[in-house]
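Here are the chains, one letter per residue:
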Amino acid sequence: MRYWMAIFTLGGVLAGAAIAQDAVLRSLQSGVDASPWEAVGRLNIGGNSFCTGALIEPNLVLTAAHCLYSKDSGRQINHENVEFLAGWRNGRASAYRRVRRIAVHPEYTFGEDVSSDRVRNDVALLELDHAIRNTTVKPFGTSARPGRGDRVGVVSYARDRSNAPSLQEVCEVLGQQEGVLITSCSVDFGSSGAPIFSFTGGRAKIVSVVSAKAEIDGQKVSLGTDLDAPLKHLKAELDRQEGHVPVASRVGIGDGRGSSGAKFVKPED
């Protein structure tokens, strides 16, 4: 089994940041603990890898774009080889769905030299072959990106915890670098595509998607994608498609500027 996760090494962006105490990562093994998070699921991809995704409408799953590309060929994976397992836990899911269509961020290109653009644009939408209308699987809303110092959380699958999701309910936004959200949330291989939540108003809403893990001045952090503008363009791209195997839309978003100079290390298979 392959585990998707990009790794960066960044430097000099958190000068003076005061880091609050994060909550520990908690496995959601029981039905009681897992019930609020049933719309987070495991994406099985091509039979040999997985990522994390989250339902944002009954038929739409949000994830990271790089999950949908073959590391060997660099080509986008056929949608027929992707399955969403909502609430996957200990061998069972609340719903199983195949994918009908895929739309990746129009400015995301797999395999390019890594820059802030690549992480910021690392987002995709999957249209399911049938909507999930199970009353226990309630899609999450989305919200504006949080600011530095705000508290967020993440629910994800990962290597060594692939059979049940884990929740880190309190971690912190450490800052932004060229549009990339930097948080103290704990992620690992397989966490790509995991929803980053804000709990403002007492309700969990998705504000970003995990793209990579990184180190800044020796501190382990996670990097999140942009979400606000891309989401509406991705929905429009799905509307335009006619059921063929999709390719990335080239509708323009932004000016494509920005390079972190980050060193990228590909994880071993």
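Cut-offs and rules
Starting from 1, residues in each chain are numbered consecutively following that chain's sequence as written. Where totals are concerned, whole chains, interfaces and linings use all residues; where local detail is concerned, this predicted model gives features only for residues with pLDDT of at least 70, and gives and counts side-chain atom pairs only at 80 or more. Remark: hydrogens and water are excluded; side-chain values derive from all non-hydrogen atoms of the structure. Note on terminology: disulfide denotes any pair of cysteine sulfur atoms within 2.5 Å. A run of H or I in DSSP becomes a helix once it reaches four residues, and a run of E becomes a strand once it reaches two; helices and strands are each numbered from the N terminus. Note on classification: 1.4 Å probe, protein chains only; a residue is buried when its accessible area is under 20% of the maximum for its type, exposed when over 50%, partly exposed between these limits. The working definition used for a salt bridge is a side-chain nitrogen of Lys or Arg within 4 Å of a carboxyl oxygen of Asp or Glu.

**Student:** How would you summarise the state of the cysteines if you had to cite specific residues and measurements?
**Tutor:** Within this structure, the stated rule accounts for two disulfides. Across the disulfide from Cys-51 sits Cys-67; the S-S distance is 2.1 Å. Given an S-S torsion of about -95°, the disulfide between Cys-51 and Cys-67 has left-handed geometry. In this pair, Cys-51 sits in strand 5 (residues 49–57) while Cys-67 sits in the loop between strand 6 (60–63) and strand 7 (82–86), placing the two residues 16 residues apart along the sequence. Comparing Cys-51 with Cys-67 shows no difference in burial state: the two are buried. The side chain of Cys-171 participates in a disulfide bridge whose partner is Cys-185; the two sulfur atoms lie 2.0 Å from each other. Measuring handedness by torsion sign, the sulfur bridge of Cys-171 and Cys-185 sits at about 70° and is right-handed. You can see Cys-171 sitting in strand 12 (residues 161–177) and its partner Cys-185 sitting in the loop between strand 13 (180–183) and strand 14 (195–198), a full 14 residues away along the chain. For the pair Cys-171 and Cys-185, one class covers both residues: buried.

**Student:** Any details on the pattern of salt bridges? Residues and values, ideally.
**Tutor:** Applying the stated criterion across every chain, the model contains ten salt bridges. The salt bridge involving Glu-127 is made with Arg-100; its shortest N-O contact spans 3.1 Å. Of this pair, Glu-127 sits in strand 9 (residues 124–128) while Arg-100 sits in strand 8 (residues 95–104), and the two are 27 residues apart along the sequence. For the salt bridge of Arg-120 with Asp-117, the shortest nitrogen-to-oxygen distance reads 2.1 Å. Of the two residues, Arg-120 and Asp-117 both sit in helix 2 (residues 116–120), three residues apart, roughly one turn of that helix. In terms of burial, Arg-120 and Asp-117 fall into one category: buried. Bridged by salt links that share partners, the residues Arg-100, Arg-101 and Glu-127 form one connected network.

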